[in-house]
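Single-letter residue listing:
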Amino acid sequence: MEIRPKLLILYATQTGNALDAAEQLGREAERRGCLVKLLSIDDYDSVSLPHESAVVFVVSTTGQGDTPDSIKGFWRFLLQRKLSHHWLEGVHYAVFGLGDSGYQKYNFVAKKLDRRLSDLGAMAIVERGLGDDQHPSGYEAALDPWMSSLWSMLHKINPKFFPQGPDYAISSMQSIGQPKFQIMYHVIDKVDSQFSTSSDLKNIEMQIERACRMSPGKFSRDKKGPDCFLKLIKNQPLTIEGYGKDVRHFEFEFVSSVIEYNVGDALEVLPGQNPALVDAFLQRCDLDPEAFITVHPAEIDLGAHANAAVVPVKLKSFVQLAMDVTSASPRRYFFEVMSNFATAEHEKERLQYFASPEGRDDLYQYNQKEGRTVLEVLEDFPSVQMPFEWLVQLVPPLKTRAFSISSSLLAHPNQVHLTVDVVSWTTPFKRKRSGLCSTWLSKLDPEQCNYVPTWFQKGSLPPPPPLLPLILVGPGTGCAPFRGFVEERAIQSATDTTAPVIFFFGCRNEENDFLYKDFWLSHSQNGGVLSETKGGGFYVAFSRDQQQKVYVQHKIQEHSHRVWNLLSNGAAVYVAGSSTKMPSDVLSAFEEIVSKESGLPKESAVRWLRALEKAGKYHVEAWS
């Protein structure tokens, strides 16, 4: 019997999108009769790479060209000097990247991985594919045609991958198979009472940890409970009421021990879901909220593992803590599986159309553009009754939301502060939508003793030493980390020598959204760390307070000479805020300043700033 080749698919994901795309690739390959092995890249032994016949890499790019955590070890391995240019000779590969063209280093990880694999002698099956979040149909707009080319070229390389040819595919009805997870229901009186009746923080922490451990999302918070619970003590609007934009200042207190954090770090918050909507989901899916469950991979023999050390959790708690049923939009595969459980013919036809390549754009308009939630989709197709096992597999996991910390532990020894834009928007069909976490936080009352589950994360803005001169650029809520920087530098300057700090802030109007106005002004006067007498400066761009729009990049250019003085004295640049045009416009402003003030040609100025970035002195933290 001849040995058939197996297609290896390796993915590197930070939020789960690359995993979704990799699973879609795997399903489509299997529908065409191809044998598939799907792995997270950190579960793969890199030494085996030269022995693979064909490998597909699906990798996301995060932030400003950052690699997902799961690929860092693999990437270090590939960069070893001992690997020759012939190391991967005979290996065929393909790379599909997921990124956002709003960022400067669009799909940077996919591009550099593609180059490195080629340098090591591997042969590309097809040109790398680049999925773009900014496209009207998301990354799938690039993935669908790229997959077609991949199957065709893979078949030419080795027809044994697709015994009946790349155009043959069994229907999704036949290929749907069984869910990857199974649910075990537990008799209530067998559950330790301390897990089911206690309502203190320790119990909530254990519930979150158990739900995380059981959640299919491998990437979700490393399967551990929160670092700590923080008690909300202040919820203060920073913008004028009725302005149309709601930005809040939150102050939290450590409940037990203080966790050491640095300025520039981020705080991840697990949001609460609307209890009424969670109840509506349970009712719509005919689920018993009081049942105690454990979730296991389908391949595990539950009979043999009946006494395994997995502590049950209430079904309702699992949904609340691990399944995003009230804000996230489901993926295309959700609609494909739904079509198998639709009993009304018109619903089945519509779902099958949505799941097809032809219906992709219409699905995007119905689903993602409208911010349609899992609950709303299920309500739109009332004849569908999906088993809970499928829902556990397919409902997007409830994710933490990360916010830049806007305080210094030196200034507030027992506190953490956040600056949060309460997100809301209107869809093309005039439906009001709001961000899950920011809206939930905005409704919390400090008088009500609210405890928020949180995780501390090292930020992409490293804390600067006191003697490092700083040029900070933070329009809008981009000012958040720099509030912490200025607080810390002010405390350091009281006892030690500190270097100058210039801060460029931007907002629409002085009256409406000048965030932390009094704070900045107090530090820019009377010898404060932002005062010109200390070599610093505080400059604001009010974009809508005059006929001509003025942005932070214009203010940077306006103070060209002072900026160049600091840069030539070893200053570091920190930029934070919206990822759309701001980071690239700011970089262009710095390029023009370096060229103008130093007399260098533009190309040399570009190289000068690139060297500054490589030296760890040009940092960007941007979000969409």
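One can find the structure itself at the top, above this paragraph.
Chemist: I would appreciate a short explanation of the overall build of the protein in the present structure.
Modeler: Looking only at helices and strands, the protein features 21 helices and 22 strands. Expected size for 624 residues packed as a compact globule is a radius of gyration near 25 Å; at 26 Å, the protein falls within 12% of this value. Each principal axis of the C-alpha distribution contributes one length, and for the protein these read about 80 × 60 × 45 Å. The 624 residues of the protein split such that 54% are buried. Taking all contacts inside the protein whose residues are at least 6 apart in sequence as the whole, residues at least 24 apart take part in 78%. Surface summary for the protein: the accessible area is close to 28,200 Å², and the carbon and sulfur share equals 50%. Here the protein contributes 65 positive and 74 negative side-chain charges, whose respective centroids are spaced 4 Å apart.

Chemist: Mind showing me how you'd approach the sheet that holds strand S12 (residues 313–314) here?
Modeler: Two strands in a sheet stick together by hydrogen bonds in their backbones, pointing the same way (parallel) or opposite ways (antiparallel). With antiparallel pairing, the 3 strands of this open sheet are ordered in space as S7-S11-S12. Two strands bound the open sheet, and with one partner strand each, they are strand S7 (181–186) and S12. Note that strand S11 (residues 292–297) and S12 share 2 bridges and pair antiparallel. Residue pairing across strands places Ile293 opposite Val313, the latter belonging to S12.

Chemist: I tried to follow the nonpolar core on my own but got confused; where do I start?
Modeler: For soluble globular proteins, the rule of thumb is that nonpolar side chains tend to be buried together. Formed by 51 residues in total, the largest nonpolar core has its most connected members in Phe281, Phe318, Met323, Phe334, Met386, Phe388 and Leu391. Here Phe281 is in contact with Leu287, Val319, Met323, Val325, Val374, Leu375, Leu378 and Leu391, once residues within four sequence places are set aside.

Chemist: In this structure, what is going on with the packing of aromatic side chains? I would like to understand it.
Modeler: Within a pair of aromatic rings, the relevant descriptors are the distance that separates the centres and the angle that separates the planes. Tallying each qualifying case throughout the model produces 28 aromatic pairs. A ring pair is formed by Tyr261 and Phe456, whose centres lie 5.8 Å apart and whose planes are at 20 degrees; its orientation type is stacked. Residue Tyr261 is located in the loop between strand S9 (247–254) and strand S10 (266–269), and its partner Phe456 is located in strand S17 (residues 451–457); the two are separated by 195 residues in the primary sequence. Comparing Tyr261 with Phe456, the two get one shared label, buried. On the basis of an interplanar angle of 50 degrees and a centroid distance of 4.6 Å, the ring pair of Phe503 and Trp520 is categorised as tilted. Here Phe503, found in strand S19 (residues 501–507), pairs with Trp520, found in helix H17 (residues 517–523); they are 17 residues apart in sequence, far enough to count as distant. With respect to burial, Phe503 and Trp520 carry one shared label: buried. Pairwise contacts between aromatic rings join Phe482, Phe485, Phe503, Phe505, Phe514, Phe519, Trp520, Phe538, Phe542 and Tyr574 into one cluster. Taking NZ or CZ as reference, Arg350 lies 5.1 Å from the ring centre of Tyr366, over its face.

Chemist: Even after reading the chapter, I still don't get unusual backbone geometry, so can you show me in this structure?
Modeler: It is generally the case that most residues other than glycine have a negative phi and that most peptide bonds are trans. Phi angles above zero are rare outside glycine, and Lys430 is one such case at about 60 degrees. Along the chain, Lys430 falls in the loop between strand S15 (424–426) and strand S16 (432–434). What makes Lys430 exposed here is its relative accessible area of 68%. Despite not being glycine, Asn526 has its phi angle at roughly 50 degrees, a positive value. In this structure, Asn526 sits in the loop between H17 and strand S20 (537–542). Relative accessible area serves as the criterion here: at 80%, Asn526 is assigned to the exposed category.

Chemist: Is there a simple way to think about the sheet that holds S9 in this case?
Modeler: Here 6 strands make up an open sheet; going across it, the order is S13-S10-S17-S8-S9-S14 and the pairing antiparallel. Only two strands of the sheet have a single neighbouring strand rather than two, namely strand S13 (401–404) and strand S14 (415–421). The average undirected angle you get between the axes of adjacent strands in this sheet is 40 degrees. In the sheet, S10 pairs with S13 via 4 bridges, with the strands oriented antiparallel. Looking across to S13, one finds that Ala266 is bridged to Ser404. Lying on the sheet, helix H7 (residues 201–214) is in contact with strand S8 (228–237) and S17; it crosses S8 at an angle near 100 degrees.

Chemist: Before we go on, may I ask you to explain the packing of helix H8 (residues 275–284) against helix H9 (residues 315–322) in this structure?
Modeler: Any two packed helices are characterised by how steeply their axes cross, that is the angle between the axes, and by the distance between the axes. For the pair H8 and H9, the least separation of the axes is 11 Å and the interaxial angle reads 120 degrees. Taken together, the axes of H8 and H9 are oblique relative to one another. For the pair H8 and H9, the sense of crossing is right-handed. The segment H8 lies against H9, with Val278, Asp279, Phe281 and Leu282 engaging Leu315, Lys316, Val319 and Gln320.

Chemist: It is not clear to me how the state of the cysteines should be interpreted in this structure. Could you clarify?
Modeler: As used in these notes, a disulfide is a covalent bond between sulfur atoms, one from each of two cysteines. Per the counting criterion, the structure on display carries 0 disulfides. Cys507 forms no disulfide, and the closest cysteine sulfur to it belongs to Cys479, at a distance of 9.3 Å. Residue classification places Cys507 among the buried residues on the basis of a relative accessible area of 8%.

Chemist: Just checking my understanding: could you explain the pattern of salt bridges for this structure?
Modeler: Opposite charge on two side chains permits pairing when their charged atoms draw close. Per the stated rule, a full pass over the model turns up 27 salt bridges. Linking Glu140 and Arg332 is a salt bridge whose minimum nitrogen-to-oxygen distance equals 3.9 Å. Of the two residues, Glu140 is situated in helix H4 (residues 140–157) and Arg332 in helix H10 (residues 332–341); the sequence distance between them amounts to 192 residues. Summarising the burial analysis for this pair, Glu140 and Arg332 share the class buried. Across the salt bridge formed by Arg360 and Asp361, the nearest N and O atoms sit 3.5 Å from each other. On the basis of relative accessible area, Arg360 is assigned to the buried category, the value being 15%. Note on Asp361: relative accessible area 39%, which makes it partly exposed. Three or more residues are tied together by salt bridges with common partners; here these are Glu140, Asp144, Arg332, Arg360 and Asp361.

Chemist: Please clarify how the pairing of S9 should be interpreted in this entry.
Modeler: Walk down a regular strand and you will see the side chains alternate between the two sheet faces. Among the 8 residues that make up S9, 7 are buried, leaving the element largely enclosed by the rest of the structure. Pairing analysis gives 7 bridges linking S9 to S14, with the strands arranged antiparallel. The residue bridging Phe252 from the neighbouring strand is Val416, located in S14.

Chemist: How do you make sense of the packing of H10 against helix H11 (residues 345–355) when you look at a structure like this?
Modeler: Across the interface, H10 lies against H11 with an axial gap of 8 Å and an inter-helix angle of 150 degrees. By the criterion of interaxial angle, the relationship of H10 to H11 is roughly antiparallel. In terms of crossing hand, the pair formed by H10 and H11 is left-handed. Counted together, Arg332, Phe335, Glu336, Met338, Ser339 and Asn340 of H10 and Lys348, Leu351, Gln352, Phe354 and Ala355 of H11 form the full contact between these two elements. Broken down by class, the residue content of the contact of H10 with H11 amounts to 5 nonpolar, 3 polar and 3 charged.

Chemist: Explanation requested: the environment of Ala342 in the structure shown.
Modeler: By secondary structure assignment, the location of Ala342 is in the loop between H10 and H11. For the pair formed by Ala342 and Met386, sequence separation is 44 residues and the distance between their alpha carbons is 8.7 Å. Filtering out sequence-adjacent residues up to four positions away, Ala342 remains in contact with Glu347, Lys348, Leu351, Ser383 and Val384.

Rules of the game
Residues numbered from 1 in each chain as written. Predicted model: local features only at pLDDT ≥ 70, side-chain atom pairs only at ≥ 80, totals over all residues. Heavy atoms only, no water. Helix = DSSP H or I, 4+ residues; strand = E, 2+ residues; numbered from the N terminus. Rg over C-alpha atoms; globule rule 2.2 N^0.38 Å. Buried < 20%, exposed > 50% of the residue type's maximum accessible area, 1.4 Å probe, protein only. Contact = heavy atoms within 4.5 Å. Areas by Shrake-Rupley, 256 points an atom, 1.4 Å probe, with all protein chains shown as cover. Lys, Arg positive; Asp, Glu negative; His and termini not counted. Charge placed at Lys NZ, Arg CZ, Asp CG, Glu CD. Pairing = 2+ DSSP bridges. Core = buried A, V, L, I, M, F, W, Y, C linked by side-chain atoms within 4.5 Å. Phe/Tyr/Trp six-rings, centres within 6.5 Å; stacked < 30°, edge-to-face > 60°. Lys NZ or Arg CZ within 6 Å of the ring centre and 35° of its normal. Axes fitted to C-alpha atoms, helices over the stretch in contact; angles between N-to-C directions. Parallel < 35°, antiparallel > 145°, perpendicular 65-115°, else oblique. Left-handed = near helix turned anticlockwise from the far one by under 90°. Disulfide = S-S within 2.5 Å. Salt bridge = Lys/Arg side-chain N within 4 Å of Asp/Glu carboxyl O. Nonpolar A, V, L, I, M, F, W, Y, C, P; charged D, E, K, R; others polar.

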